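Reading the structure
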Amino acid sequence: MMKYRDIEYTVVQGIGRDLWKWSASVADVVITGQAHSKSAAVVEAEKAIDRALALKKVRLVPPKGETNMP
């Protein structure tokens, strides 16, 4: 078990020598992937965690004084 930005994730070797799988859970959503090396799997997992956390911060709020009514 590894930790990045307070999110725990795992990296495990697949059946083949050149297959590494990773998985993480961000806000109760499981994200997974695979790579050809352990270091690449770690990088991909951490990038996916960054993307998932960034999506949580985005809110679509209209600017003040603007309404959505025609």
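Below: a short report on this structure. Small disclaimer: the values here were computed from a predicted structure and weren't measured.

**Considerations on the overall build of the protein chain**
- Along its length, the protein chain carries one helix and four strands.
- Listed N to C, the secondary structure of the protein chain is β-β-β-β-α in terms of helices and strands.
- By residue count, 23% of the 70 residues in the protein chain fall in the buried class.
- In the protein chain, once contacts between residues fewer than 6 apart in sequence are set aside, the share between residues at least 24 apart is 28%.
- Total accessible area computed for the protein chain in this model is approximately 5,700 Å², and 55% of it derives from carbon and sulfur atoms.

**Digging into the nonpolar core**
- Ranked by internal contacts, the top residues of the largest apolar core, which has 15 residues, are Ile7, Tyr9, Val11, Trp22, Val26, Ala41 and Ile49.
- Those elements that provide at least two residues to this core are strand S2 (7-13), strand S3 (20-26) and helix H1 (38-57).
- The element contributing the most residues to this core is H1, with seven residues.
- Once you skip the residues sitting within four places of it in the chain, Trp22 turns out to touch Thr10, Val11, Ile31, Thr32, Gly33, Gln34, Ala41, Glu44, Ala45 and Ala48.

**Some words on the pattern of salt bridges**
- A complete count under the given rule lists one salt bridge for this structure.
- Close ionic contact of Arg5 with Asp50 constitutes a salt bridge, the shortest N to O distance being 2.6 Å. You can see Arg5 sitting in the loop between strand S1 (2-4) and S2 and its partner Asp50 sitting in helix H1, a full 45 residues away along the chain.
- The exposure class of Arg5 is partly exposed, given its relative accessible area of 44%.
- The class for Asp50 is partly exposed, based on a relative accessible area of 27%.

Cut-offs and rules
Residues numbered from 1 in each chain as written. Predicted model: local features only at pLDDT ≥ 70, side-chain atom pairs only at ≥ 80, totals over all residues. Heavy atoms only, no water. Helix = DSSP H or I, 4+ residues; strand = E, 2+ residues; numbered from the N terminus. Buried < 20%, exposed > 50% of the residue type's maximum accessible area, 1.4 Å probe, protein only. Contact = heavy atoms within 4.5 Å. Areas by Shrake-Rupley, 256 points an atom, 1.4 Å probe, with all protein chains shown as cover. Core = buried A, V, L, I, M, F, W, Y, C linked by side-chain atoms within 4.5 Å. Salt bridge = Lys/Arg side-chain N within 4 Å of Asp/Glu carboxyl O.

Just distances and angles here, no functional claims.
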